[in-house]
Structure formats: C-alpha cells, structure tokens
Amino acid sequence: MKKGLLLFAAVVMVVMSAKAQRIRTVDSEGKAIPLVSVLTEDGTLIGTTGMDGVLADVKGAKKIALTHVAYKPQMVTVAELHDGCITMTDVDYDIEDVVVKPKPYLYIEYYYRAFRYIGDSLRAYSAGIYPVIYEISKGYKPRTRTHWSSGTFANKAASWHGVGIENTVEDWIRNSNHALAEKWLMEEKAKEKYRATLVPQGDNNWVVEIPEHEVVGQIIHSGGLVRSTLDGARMQMYSNEIHGQEKLLKRRQEKDYAYRYTEIYDDNDDENVPVIARHVMTQHHWEYNDSKGRIRDIFYIYTTDHSYVEWDDFKARSKELNHERVGDMSFEELQAYATEHHIPELATSQLQAILALKKKR
C-alpha cells in the first residue's frame, strides 16, 4: 500500500512538472499586450505573446525576462505568478512636440535595435541611429543621405539576407504610409484588400476582425498614445486567399510565415502636425522556416528627435553622426546615446546574449 502511494505521488509530480506553464501579459488597465518577447535568464528566446497577450508555455523556465518596445523590461519568477498574469509598466519615454516653423524640411532622427534569432538562440544584433528628412512640399516624402551610425555583432551562421540591417530600417521609412491604422484600414483600397472591420470594445478600444470574426489586431487610445498591433501575416495570407494569389499563399504557408507589428503614435489631432511627426515607436516581428532553422527577426524603432530644418542643417547632422566613424559607432557609444534619449534599457538577459556575440566577433 505504501509503495503504491509513493508511486502515485511520483506520477503526480511528473505530470505536474510536465504541465505547460501559461503566462499572459497585460497593461495597467488589464488589456492584453501582444508581441512581448519572453526569454530565459541567459537570453534564450522562449517565445512571443500572441494577440491575446498569451504565451502557452514557458518551457520549464523558473525565471523569465520580458521585453517590448513600449514597456519596461522585467524579470519575473514563474512560480510566484498569480494565474500566470504579468502586469507590465509603460516606459518613461517622451519626446518634445514638433514646433511648426517656416522651414522646408521635417527632420526626424530614429534609433533602432534589431535582433536575429535562429531557433531560440541570438545570432545577430544591430543598433544604430538613422537621420531622415521629409520634404514638406512633396507630401512629406522621405529623403536620406545614407548616413547612419551603427554597431553590429553576428556569428557566422547569421546573415541579414545579404543586405545591411540599415536597409531594412530604410525600407520601413520609405514604405510606411504614415497613417493611423484605424484610418488606412477604412480606406477603400485597404477594405478591398483585407476586408477588415473595426469592432468597438469600449471607450477608445477596438479589435480588428477579418470575416468569420477572426481577430487580427487591436487599437487602443490611452495615456495620450495610439497603440495599434496587427497580425500582418494573417491579413496578407487572407488577402492572398480571396484574391487568388495561390503561389504566394503556398510559399508563405510552406515557410510557416508569421509577421506581426505594433506602431505607437502621439494621440494628437492637430492638422498642422503630420502623422509622421507624431511617431513614437514601432516594433516588428518576422518569423519563417529556413534551411538554417526557424528565423526570428525582431526590430525596435524609436523617434529620438524631430524639428523643422534647412537642408544644410540635415547635412551637418548627418556628417556629425558619421564623423571619424565611417558609419560605425561602438556598442558603448550607442548605449550612451540610448540612455541620453531615454530609450528603454536592454533586459539583462538580452545584454548578456549581445555581449557574448560581441566576444565571438
């Protein structure tokens, strides 16, 4: 009898230890936070929270680090969580409002961070400063002088598809339609392409649905900010499906392609301030299967400065960023820039993984 009870207890313990530990990330108002990166203490990527803020399993990790473009990184002990719920704190991040002046260009300075994981291991990291001007007379068309300052660390197994990470940032700058999600989703072209609708969830809170009530996004106005998170891959593949783009859909399905992003803007309806001048921060997540394994690319982009300038002002700033560096700042210089501009700190686990890459460089 005693041996039977001991055996039963052992079985129960094994079952309990094998049980998936679910977590859910929420903000101070209890709203779900999608796209939170969940890492182990040594910087191994466990996974990313879904549109409902849920990660189904932390894979046995006793402590986990959480990071997101708009929230302070934090380390939590899994066993101490109540129902797996984690409340995250907004970053203390602010930039001054643009003052409209009679000058021909709007200058914006961006700071970016980019992480490449193959499987769950960090294989490449890049950070840098990207200066851009927008021509007011041409509808705020972006112009760059391909001058930036960056620091990159990667192992031999990682590559950025043969193009610099700065090109990816520039693509985002050039291709962004600079419109709030709730506006461009309701434009006729977007409605025809995605057939999405905005469903109110209370004051200043909507979910984005495609047919069959599938939720593919959320939009929240809170704390003076507009936060939009969309499942871009699901929207793209649904569009492929309904418009007969079978080859593209098949290719994305075969790679198990995933793409989700969050964009955050100042909630300012002043018509004299263009939407791009209200940009605060952006986060992108791409995932797909590759011959090397599961590729996960995560990008954070922050606005650090903006003002109205002359062309010569822009040239001078670009030269300053590149002065004696040939476009390559040290990791320490970039960390100092981030601190000076109140960019959220790297989580300790991320920093350790980056420094490990740096040593192998």
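Small disclaimer: the values here were computed from a predicted structure and weren't measured. (Residues numbered from 1 in each chain as written. Predicted model: local features only at pLDDT ≥ 70, side-chain atom pairs only at ≥ 80, totals over all residues. Heavy atoms only, no water.)

(A) Molecular detail of the overall build of the protein chain. Along the backbone of the protein chain there are 9 helices and 18 strands. Counting the 361 residues in the protein chain, one finds 50% classified as buried. A separation threshold of at least 6 residues defines the contact pool for the protein chain, and within that pool the share at least 24 residues apart is 63%. Approximately 18,600 Å² of the protein chain is accessible, and the part contributed by carbon and sulfur atoms is 51%. (Helix = DSSP H or I, 4+ residues; strand = E, 2+ residues; numbered from the N terminus. Buried < 20%, exposed > 50% of the residue type's maximum accessible area, 1.4 Å probe, protein only. Contact = heavy atoms within 4.5 Å. Areas by Shrake-Rupley, 256 points an atom, 1.4 Å probe, with all protein chains shown as cover.)

(B) Highlighting the side chain of glutamate 109. Checked against the element boundaries, glutamate 109 lands in strand 8 (residues 105-118). Within the local environment of glutamate 109, its side chain forms a polar contact with the side chain of tyrosine 107, the two groups lying 2.4 Å apart. Once residues lying within four places of it in the same chain are set aside, the contact partners of glutamate 109 are Ile129, Tyr130, Tyr302, Thr303, Thr304, Asp305, Arg317, Leu321 and Tyr337. (Polar contact = N/O pair within 3.5 Å; in protein donor to acceptor, adjacent residues only side chain to side chain.)

(C) Molecular detail of the sheet that holds strand 5 (residues 63-68). Here 4 strands make up an open sheet; going across it, the order is 3-2-5-6 and the pairing antiparallel. Pairing within the sheet leaves two strands with one partner each, and these edge strands are strand 3 (45-48) and strand 6 (71-77). Pairs of neighbouring strands in the sheet enclose a mean axial angle of 20°, with direction left out of account. One ladder, built from 3 bridges, connects strand 2 (residues 37-39) with strand 5; its direction is antiparallel. (Pairing = 2+ DSSP bridges. Axes fitted to C-alpha atoms, helices over the stretch in contact; angles between N-to-C directions.)

(D) Representation of unusual backbone geometry within the structure. In this model, lysine 59 sits at a positive phi of 55°, which is unusual for a non-glycine residue. Topologically, lysine 59 is positioned in the loop between strand 4 (54-55) and strand 5. Here the phi dihedral of histidine 213 falls at roughly 60°; this positive angle occurs in a residue that is not glycine. On the secondary structure map, histidine 213 appears in the loop between strand 13 (205-210) and strand 14 (214-222). Residue classification places histidine 213 among the exposed residues on the basis of a relative accessible area of 65%.

(E) Representation of the packing of helix 8 (residues 331-340) against helix 9 (residues 348-360) within the structure. It is at 13 Å that the axes of helix 8 and helix 9 come closest, and there the two elements cross at 155°. Considering their axes alone, helix 8 and helix 9 lie roughly antiparallel with respect to each other. Seen from helix 8, the contacting residues are Phe331, Glu332 and Gln335; seen from helix 9, they are Leu351, Ile354, Leu355 and Lys358. Grouping the constituent residues of the contact of helix 8 with helix 9 by class yields 4 nonpolar, 1 polar and 2 charged. (Parallel < 35°, antiparallel > 145°, perpendicular 65-115°, else oblique. Nonpolar A, V, L, I, M, F, W, Y, C, P; charged D, E, K, R; others polar.)

(F) The confidence of the model for the protein chain, seen in detail. Looking at the protein chain, pLDDT values average 86 and 88% of them are 70 or higher. Here residues 8-18 scores under 50 on pLDDT; set against residues more than four positions off or in separate chains, the count is 0 contacts. (pLDDT = per-residue confidence, 0-100.)

(G) View of the pairing of strand 14. Across 6 bridges, the pairing between strand 13 and strand 14 is antiparallel. Residue pairing across strands places isoleucine 210 opposite glutamate 214, the latter belonging to strand 14. The hairpin formed by strand 13 and strand 14 contains 3 residues between the paired strands, and glutamate 212 there has a positive phi angle of roughly 75°. Pairing between strand 14 and strand 15 (residues 225-230): 6 bridges, direction antiparallel. Counterpart to isoleucine 219 in the pairing with strand 15 is serine 228.

(H) Representation of the sheet that holds strand 1 (residues 23-26) in the model. Judged by pairing direction, the sheet is mixed, and its 3 strands sit side by side in the order 4-1-7 without closing on themselves. For this open sheet the edge positions go to strand 4 and strand 7 (85-87), each flanked by a neighbour on one side alone. Note that strand 1 and strand 7 share 3 bridges and pair parallel. Along strand 7, the bridge assignment pairs threonine 25 with isoleucine 86.

(I) The arrangement of the nonpolar core in detail. With 49 residues, the main nonpolar core has Ile64, Tyr111, Phe115, Tyr125 and Met281 as its most contacted residues. Ala181, Trp184, Ala233 and Met237 belong to the second largest nonpolar core, which has 21 residues in total. (Core = buried A, V, L, I, M, F, W, Y, C linked by side-chain atoms within 4.5 Å.)

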